[in-house]
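The chain contents come next:
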Amino acid sequence: VKEMWPVLKRHLEWEKRNFDGDNDGLYDAYCCIWASDALEYSGGGVAHSSAYNHLANKSAAYLAGLIGEDPEPYRKESEKILNAMNTKLWMPSKGWYAEYQDLLGLKRLHPAAALWTVYHTLDSDVADAFKAYQTTRYVDTEIPHIPVRAKGLADEGYYMLSTTNWMPYEWSINNVVSAENMHTALAYWQSGRNDEAFKLWKSTLLDAMFLGGSPGNFLQISYYDANRFEAYRDFADQVGMASRSLVEGLFGITPDLLENTLNIRPGLPVDWDHASLKTPDISFVFKRTGNKENYTIVPTLPKPVKLKFRAIAKGESVKSVTVNGKSVSWKNVDQAIEYPQIEINTEVGPRFEIVIEWQGSKPELAKNAASFGLNEPLTASFGKAKVLELYDPQRALKQTSIKDNTLVAEVVGEKGNRTAFVKIKQGQFTWWAPVCFKVMETLDITTPLTQGKNTLQFSIFNNTATAINNAKVTVNRGASAYVTNATIPQGSSTRILVPSTHILPGSNLVRVEWANGRVIEKNVINWNADIAKNSEFEKVDLSGVFNDKVISIFKNEYLSPRSPYPTLAIPKQGIGDWCSFAMTANIDDSGLRAMAGTKNEIATPQGIPFATPGAQDAKNIVYTSQWNNYPHDATIPLSGKASHAYLLMAGSTNYMQSQITNGEVVVEYTDGSQTSLELRNPETWCPIQKDYYVDGYAFSITQPRPVRLALKTGSFFPDFNNPKALNDFGGKSIEGGAATVLDLPLDSSKQLKNLKVKTLANEVVIGLMGISLLK
């Protein structure tokens, strides 16, 4: 340590100087993980690199104390990083760390964390026991799961994880990677979730070593990777994580020779009755017979060690514990989650024969609750275990009461998958049982991704324990509204079919009203519909606000704002990545201009007209951006009344801005009220140069694709009359680029004031080419 100290000291100074230039405790990530190709954070504060530096400084403080150096600077820096991560990146109402926070622009959080954020925050001692458990729950519910199935293989729920849910695809950004899955399995083990850890770990072995094209091999990229399939069989990336997850995860062996301690917390599935492992450093043998467990541990480490051993309780009390034939004391692990645990500490010895005999009933396991509507009652009972207290870090429960073995509460808070913890006591043990549930709207409107021609169907699901009678259902406003009444059974749904005469192409606003003035609204989308023949449109003249030609988007140099610190960011032309710094796309709007002709007008196949210039030299878009090249927003005056706004838009987005709102369109009325459309990657905002690849797994969307206009040919897609062509551009570049048709239902009883286009995300450009108001 003394010999290496100058190197360690200089390196940590270098990390701080380069990657925490603003001294806020969060570090940028610059090629510091496997998935570094194309990954770029533009100076932001990143979870995985901050976790690295937290552990590095924490370790340096410890080492400094061993050699007489001052540990305080390193201790303070590690605490500063930990505090920054927990105050800036941890999202309490969601229960996981954000991927990063922007340095520039609106300094927004990017909530869609990648697998590397999950496992590094656990592996680097950032997350406490409760945060660790919540973080793995994020993987359960938010990271795409791809089933591992094969002829002759029993389907026991095996799956692989994609590294992110980011779109569009780029190499190393959203892949199915064996080592990443292994490291995530280790994170599950570190959070105490042994059974789920083993399922993911076994799934990875089945995928690569059993079902793979090179049997017995550790491969890098999985067969289930939608873009690369099984690839890089000769890379050794997997070997290190396979080893760590086996030794540290499944067998829980983590030596700490600086403290003369061998830590072992076996991660064996609870129903196993035997297991063994032998490495050059240790022999581990486990066998269970009835209520008695035997562990024989023989370390062959460079120095003698004492043992700190944890075991999951198989009964509600301990009958006896012996080490090498002698009775020893044990202690309850107060922070244990999911299962009760005991800890045994021994003196230094060459061999440890541990015998634990359990007695009494099996400990009560957590029972995941179902889905609940907002403000609905939740009851969780724990059998023979007594409930002591509730820890609700996500604030998803209120009006809580505890009596004996039962928790009763009202479900509130942010919608989505939530986790609370109940401290319970059974026999000699106390531990924390997770209560996992999903918070939903009281009534939820669900719809298929694909609707038929001039049809509209949706279901209204009742997430309460009481039937809802005579709910008023209104589809679209005004003269063309469809109104019906519905009875929705408790915990069930009612399907609604809307007659074709009441359907609009695009978004159809569904409003459900029921008891005590309660209301829910949602857009149900079908672009495979025609506008009524007698419809009247106002094509808004945008020529006075256009500030560029659509073809200029990648011909610019986007030079500011940029991070003043060393960083990786999108290239100056606004497309590509640091590995592909010369990438570009030739946007060609000749087909659009030819279609507009001298009438300066086009129409979609649905019958929606837009005004757009046909002259080659005329500006035809108003661009906005957080780049200084364009204004952050643009306002277009409106007047009169309308029931619907159709928009022709084009611009850029990228995978670093995925799963967040890139911008918005806001329509303001003269009375000060407004309605808005979120431009969100990937649902409602598409990159101009390509279309999204969608497979329903790693690459998924939650609402139907919008209509797009190929600028070079003047043709619209998808072609709903040709089912084979619906995915013609999926994941592919579009020669000449494409604009997107979007829409926004309006309140036709109100006077319009203006429409505003805003760009919220960094490194994107959002443009408006046309507005058509349905009167």
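Because the structure is a prediction, the values reported are computed rather than measured.

*Asks:* I tried to follow the overall build of the protein chain on my own but got confused; where do I start?
*Replies:* Looking only at helices and strands, the protein chain features nine helices and 45 strands. The C-alpha atoms of the protein chain give 29 Å as radius of gyration, which agrees with the globular expectation for 775 residues (28 Å, within 12%). Dimensions along the principal axes, computed over C-alpha positions, put the protein chain at roughly 95 × 65 × 50 Å. For the protein chain, the exposed area adds up to about 32000 Å²; of that, 50% sits on carbon and sulfur atoms. For the protein chain, the distance from the average position of its 78 positive side-chain charges to the average position of its 82 negative side-chain charges is 3 Å.

*Asks:* Sorry if this is basic, but what is going on with the pattern of salt bridges here?
*Replies:* Once their charged atoms are close, side chains differing in charge can pair, the charge on each being opposite to the other. The full count for this structure, using the stated rule, is 35 salt bridges. Of the charged contacts, one joins Lys88 and Asp24 as a salt bridge, the two residues approaching to 3.6 Å between their closest N and O atoms. Of this pair, Lys88 sits in helix H3 (residues 72-89) while Asp24 sits in the loop between helix H1 (5-19) and strand S1 (45-46), and the two are 64 residues apart along the sequence. A relative accessible area of 31% means that Lys88 is categorised as partly exposed. Lys398 serves as the salt-bridge partner of Glu410, at 3.9 Å between the closest nitrogen and oxygen. Placement of the pair is Glu410 in strand S23 (residues 406-411) and Lys398 in strand S22 (residues 397-403), with a sequence separation of 12 residues. In this structure, a network of salt bridges that share partners links the residues Lys16, Asp20 and Glu77.

*Asks:* Sorry, what's going on with helix H4 (residues 115-123) here?
*Replies:* Helical geometry note: an α-helix holds 3.6 residues per turn, so side chains three or four residues apart project in the same direction. Of all nine residues making up H4, nine are buried, and the element is well covered by its neighbours. Within H4, burial applies to Leu115, Trp116, Thr117, Val118, Tyr119, His120, Thr121, Leu122 and Asp123. Immediately beyond the C-terminal end of H4, within one or two residues, lies Asp125, with a positive phi of roughly 60°.

*Asks:* How do you make sense of the environment of Thr296 when you look at a structure like this?
*Replies:* Mapped onto the elements of the fold, Thr296 is located in strand S12 (residues 292-299). Sequence spacing of Thr296 and Asp271 is 25 residues, and the spatial spacing of their C-alpha atoms is 19 Å. Sequence-distant contacts of Thr296, that is, excluding residues within four places in its chain, are made with Ser283, Phe284, Val285, Arg351, Phe352 and Glu353. At 2.8 Å, the side chain of Thr296 forms a polar contact with the side chain of Glu353.

*Asks:* Is there a simple way to think about the packing of aromatic side chains in this case?
*Replies:* For any pair of aromatic rings, the description rests on two quantities: the centre-to-centre distance and the angle between the ring planes. Counted by the stated rule, this structure contains 33 aromatic pairs. What links up through ring pairs into an aromatic cluster is the set Phe130, Tyr133, Tyr391, Phe421 and Trp432. When the ring centre of Tyr133 is taken as origin, the NZ or CZ atom of Arg193, which lies over that ring, is 5.0 Å away. Taking the ring centre of Trp171 as reference, the NZ or CZ of Arg228 above it sits at 4.2 Å.

*Asks:* Help me understand the pairing of strand S20 (residues 377-381), please; the structure alone is not making it clear to me.
*Replies:* The two faces of the sheet receive side chains in turn, since in a regular strand these alternate between them. In S20, alternate side chains face the same way, and those of Leu378 and Ala380 are buried while those of Pro377, Thr379 and Ser381 on the opposite face are not. As judged from the five bridges shared by S20 and S23, these two strands associate in the antiparallel manner. Within S23, the position partnered with Ser381 by the bridge is Thr406.

*Asks:* Would you explain the sheet that holds strand S24 (residues 416-426) in this entry?
*Replies:* Within a sheet, adjacent strands bond to each other through the backbone by hydrogen bonds, running parallel or antiparallel. Overall, mixed pairing links the four strands, which are arranged S19-S25-S24-S21 in an open sheet. Both edges of this open sheet fall to strand S19 (371-373) and strand S21 (386-391), since each of them pairs with a single strand only. Put simply, the sheet's adjacent strands are angled 40° from each other on average, direction ignored. Packed onto the sheet, helix H5 (residues 129-142) meets S21, S24 and strand S25 (429-440) and runs at close to 135° relative to S24.

*Asks:* Which parts of the structure should I look at to understand a nonpolar patch on the surface?
*Replies:* Residues Met4, Val7 and Leu8 make up a contiguous nonpolar surface patch of about 240 Å² in total accessible area. For Val7, the location among the structural elements is in helix H1. The partly exposed category is assigned to Val7, whose relative accessible area is 39%.

*Asks:* What exactly am I supposed to notice about the environment of Pro147 here?
*Replies:* Mapped onto the fold, Pro147 is located in strand S6 (residues 145-147). Placed 421 residues apart in sequence, Pro147 and Leu568 show a C-alpha to C-alpha distance of 34 Å. Once residues lying within four places of it in the same chain are set aside, the contact partners of Pro147 are Tyr158, Tyr159, Tyr224 and Tyr697.

*Asks:* Looking at this structure, I do not really get unusual backbone geometry. What am I missing?
*Replies:* Trans peptide bonds make up most of the peptide bonds, and negative phi angles are found at most residues other than glycine. Pro168 follows Met167 through a cis peptide bond whose omega is -5°. Checked against the element boundaries, Pro168 lands in the loop between strand S7 (159-161) and helix H6 (178-190). In this model, Phe717 is joined to Pro718 through a cis peptide bond whose omega is 5°. By the element assignment, Pro718 lies in the loop between strand S42 (715-717) and strand S43 (738-745). Of note in the backbone geometry, Tyr232 takes a positive phi value of approximately 60° without being a glycine.

*Asks:* How should I be thinking about the sheet that holds strand S8 (residues 253-256) in this particular structure?
*Replies:* One open sheet holds the five strands; their spatial order is S8-S9-S13-S17-S16, and the pairing between them is mixed. Strands with a single pairing partner mark the edges of an open sheet, and in this sheet they are S8 and strand S16 (331-332). Two elements, strand S9 (residues 261-264) and strand S13 (residues 306-312), share four bridges in a ladder whose sense is parallel. Considered in S13, the bridge of Asn263 is made with Lys308.

*Asks:* Would you mind showing me how to read the nonpolar core here?
*Replies:* Soluble, globular proteins show a tendency: their nonpolar side chains are buried together. One finds Trp166, Ile297, Phe309, Ile356 and Phe437 to be the most contacted residues of the largest nonpolar core, which totals 106 residues. Looking at which element gives the most residues to this core, the answer is H6, with seven residues. What Trp166 contacts, discounting residues up to four positions off in sequence, is Leu39, Tyr41, Glu99, Ala112, Ala114, Trp116, Ile173, Asn174, Tyr655, Met656, Ser658 and Phe699. Residues Leu504, Ile553, Ala650 and Val765 belong to the second largest nonpolar core, which totals 35 residues.

*Asks:* Any chance you could explain H5 here in plain terms?
*Replies:* In this model H5 runs 20 Å from its N-terminal to its C-terminal C-alpha over 14 residues, within 8% of the 20 Å that 1.5 Å per residue would give. The buried count for H5 comes to 10 of 14 residues, which makes it a mostly enclosed element. Here H5 has its buried residues at Phe130, Lys131, Ala132, Tyr133, Gln134, Thr135, Thr136, Arg137, Tyr138 and Val139. Of the residues flanking the start of H5, the one acting as N-cap is Asp128, its side-chain oxygen 3.1 Å from the backbone nitrogen of Phe130.

*Asks:* Would you mind showing me how to read the side chain of Asn174 here?
*Replies:* The residue Asn174 is located in the loop between S7 and H6 in this model. On the basis of relative accessibility, which here comes to 2%, the residue Asn174 falls in the buried class. Within the local environment of Asn174, its side chain forms a polar contact with the backbone oxygen of Trp166, the two atoms lying 3.2 Å apart. Of note is the side chain of Asn174, whose polar atom sits 3.1 Å from the backbone oxygen of Ala698. With sequence-adjacent residues up to four places away left out, Asn174 is seen in contact with Ser162, Thr163, Thr164, Asn165, Trp166, Tyr169, Ala698 and Phe699.

What counts, and where the lines are drawn
Residues numbered from 1 in each chain as written. Predicted model: local features only at pLDDT ≥ 70, side-chain atom pairs only at ≥ 80, totals over all residues. Heavy atoms only, no water. Helix = DSSP H or I, 4+ residues; strand = E, 2+ residues; numbered from the N terminus. Rg over C-alpha atoms; globule rule 2.2 N^0.38 Å. Areas by Shrake-Rupley, 256 points an atom, 1.4 Å probe, with all protein chains shown as cover. Lys, Arg positive; Asp, Glu negative; His and termini not counted. Charge placed at Lys NZ, Arg CZ, Asp CG, Glu CD. Salt bridge = Lys/Arg side-chain N within 4 Å of Asp/Glu carboxyl O. Buried < 20%, exposed > 50% of the residue type's maximum accessible area, 1.4 Å probe, protein only. Contact = heavy atoms within 4.5 Å. Polar contact = N/O pair within 3.5 Å; in protein donor to acceptor, adjacent residues only side chain to side chain. Phe/Tyr/Trp six-rings, centres within 6.5 Å; stacked < 30°, edge-to-face > 60°. Lys NZ or Arg CZ within 6 Å of the ring centre and 35° of its normal. Pairing = 2+ DSSP bridges. Axes fitted to C-alpha atoms, helices over the stretch in contact; angles between N-to-C directions. Patch = residues over 30% accessible without salt bridge, like charges linked within 9 Å, V, L, I, M, F, W, Y side chains within 5 Å. Core = buried A, V, L, I, M, F, W, Y, C linked by side-chain atoms within 4.5 Å. Expected span 1.5 Å × (residues − 1).

The values reported here are purely geometric and, on their own, carry no functional implication.
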